Amino acid sequence: MIRLAETKDIPAIFSLEKQCFSDAWSEQNFFEVLSNGISTMLVYEKGNIILGYAVVTIIFDEAHLDNIAVDSKMRGSGIGKQLTQYIIDFVSQKGIHKITLEVRLSNTTAINLYKSFGFVAEGVRKNYYMDNEDAYIMWRYDDDKKP
Ligand SMILES: CC(C)(COP(=O)(O)OP(=O)(O)OC[C@H]1O[C@@H](n2cnc3c(N)ncnc32)[C@H](O)[C@@H]1OP(=O)(O)O)[C@@H](O)C(=O)NCCC(=O)NCCS
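Residues numbered from 1 in each chain as written. Predicted model: local features only at pLDDT ≥ 70, side-chain atom pairs only at ≥ 80, totals over all residues. Heavy atoms only, no water.

Chemist: Sorry, what's going on with the site of the ligand here?
Modeler: Taken together, 19 residues surround the ligand, and among them Val70, Gly76, Gly78, Lys81 and Asn107 come closest. One of the side-chain nitrogen or oxygen atoms of Arg75 is found 3.3 Å away from an oxygen atom of the ligand. Taken by itself the ligand offers 930 Å² of open surface, and the protein chains cover 71% of this. Spatially, the ligand is embedded in the largest pocket. (Near = heavy atom within 4 Å. Polar contact = N/O pair within 3.5 Å; in protein donor to acceptor, adjacent residues only side chain to side chain. Areas by Shrake-Rupley, 256 points an atom, 1.4 Å probe, with all protein chains shown as cover. 1 Å grid on protein atoms, 1.4 Å probe; cavity = no way out; pocket = protein on both sides within 12 Å on 5 of 7 lines; lining within 4 Å. Sits in = over half its atoms within 2 Å of the grid points.)

Chemist: Mind showing me how you'd approach the packing of aromatic side chains here?
Modeler: Two descriptors summarise a pair of aromatic rings, namely the distance from one centre to the other and the angle between the planes of the rings. Tallying each qualifying case throughout the model produces 5 aromatic pairs. Considering the side-chain rings of Trp25 and Phe30, the 5.1 Å spacing of their centres and the 45° angle between planes classify their relative orientation as tilted. Seen in terms of ring centroids, Phe30 and Tyr53 are 5.9 Å apart; in terms of plane orientation they differ by 85°. Their pairing is edge-to-face. Taken together, the positions of Phe30 in helix α2 (residues 27-35) and Tyr53 in strand β3 (residues 49-59) put the pair 23 residues apart, joining distant regions of the chain. Each member of the pair, Phe30 together with Tyr53, is buried. (Phe/Tyr/Trp six-rings, centres within 6.5 Å; stacked < 30°, edge-to-face > 60°. Helix = DSSP H or I, 4+ residues; strand = E, 2+ residues; numbered from the N terminus. Buried < 20%, exposed > 50% of the residue type's maximum accessible area, 1.4 Å probe, protein only.)

Chemist: How do you make sense of unusual backbone geometry when you look at a structure like this?
Modeler: Glycine aside, residues mostly have negative phi, and peptide bonds are mostly found in the trans state. With a phi angle near 70°, Asn48 is a residue other than glycine that sits in the positive phi range. Mapped onto the elements, Asn48 comes out in the loop between β2 (39-46) and β3. The residue Asn132 is not glycine, and still its phi comes out positive at about 80°. Along the chain, Asn132 turns up in the loop between β6 (120-125) and β7 (135-141).

Chemist: I'm lost on helix α4 (residues 108-116) in this one. Help?
Modeler: Since the α-helix advances by 3.6 residues per turn, residues separated by three or four positions end up pointing in the same direction. When α4 is considered as a whole, its buried residues turn out to be Ala110, Ile111, Leu113 and Tyr114. For α4, the buried positions fall inside an angular range of 160° around the axis, keeping them on one side. When the buried face of α4 is taken as reference, the exposed residues oriented beyond 90 degrees from it are Thr109, Lys115 and Ser116. Buried positions along α4 lie against β4 (62-70), α3 (79-93), β5 (98-104) and β7. At the exit of α4 stands Gly118, carrying a positive phi of roughly 90°. (Arc of directions from axis to C-beta. Contact = heavy atoms within 4.5 Å.)

Chemist: It is not clear to me how the nonpolar core should be interpreted in this structure. Could you clarify?
Modeler: A general feature of soluble globular proteins is that nonpolar side chains tend to end up buried together. Judged by nonpolar contacts, the single largest core of 28 residues is most densely connected at Leu83, Val91, Ile99 and Tyr114. When residues of this core are traced back to their parent elements, those giving at least two are β2, β3, β4, α3, β5 and α4. Ranked by residues supplied to this core, first place goes to α3 with 6 residues. Those residues in contact with Leu83, other than ones at most four positions away along the chain, are Ile2, Leu42, Tyr44, Gly52, Tyr53, Ala54, Ile68, Ala69 and Val70. One finds Ala5, Leu16, Phe30 and Ile50 within the second-largest nonpolar core, a separate group that totals 13 residues. (Core = buried A, V, L, I, M, F, W, Y, C linked by side-chain atoms within 4.5 Å.)

Chemist: Sorry, what's going on with the pairing of β3 here?
Modeler: Every other side chain in a regular strand lies on the same face of the sheet, so the side chains alternate between the two faces. With respect to burial, β3 is a largely interior element, 9 of its 11 residues being buried. Direction of pairing for β2 relative to β3: antiparallel, over a ladder of 8 bridges. If you follow Lys46 over to β3, its bridge partner there is Ile49. The antiparallel pairing of β2 with β3 creates a hairpin that spans 2 residues between the two strands, and Gly47 there sits at a positive phi of about 55°. Joining the antiparallel neighbours β3 and β4 is a turn of 2 residues, in which Phe60 adopts a positive phi near 55°. (Pairing = 2+ DSSP bridges.)

Structure follows, in structure tokens:
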């Protein structure tokens, strides 16, 4: 099931974060997400084990998908899709109809996931990552809200 993350979940989330990213967020970043008043963190949990998480931040009329990851042992089983759909529905219910994100140009899996939900690469941020890899800037608009 997908639910809102709580402070007690942060050690498990942080452990997944280190497994999934070379430039991992710090544990402190996750605490800040829970207290900054504009971000929402979700976890995908099965049998009390956290298998995935996602962070979205709403600023004015835009949502930014800040983070999404799934335990490497559980990838390809639809958890990423469920988290992405949940975020789209969650922000839409708050009247937010556009979502943006950055993704490494080399991250074909994530790019395919986002494209399958209608995200389109609209630009490139040069040297966005700590290792200097570029990022695609992707956007998704609800059908009736396309610019
Ligand atoms: C990206 C990520 C969250 C996807 O999670 P997942 O649970 O494995 O994804 P799903 O099983 O829901 O698959 C969703 C879609 O992703 C794509 N995908 C999944 N595995 C893939 C693979 N091995 N190769 C290419 N595309 C793949 C497909 O489009 C798939 O849809 P389909 O099954 O209809 O073809 C996961 O791979 C991950 O945690 N990666 C490391 C962290 C990361 O890169 N996060 C994104 C940062 S921008």
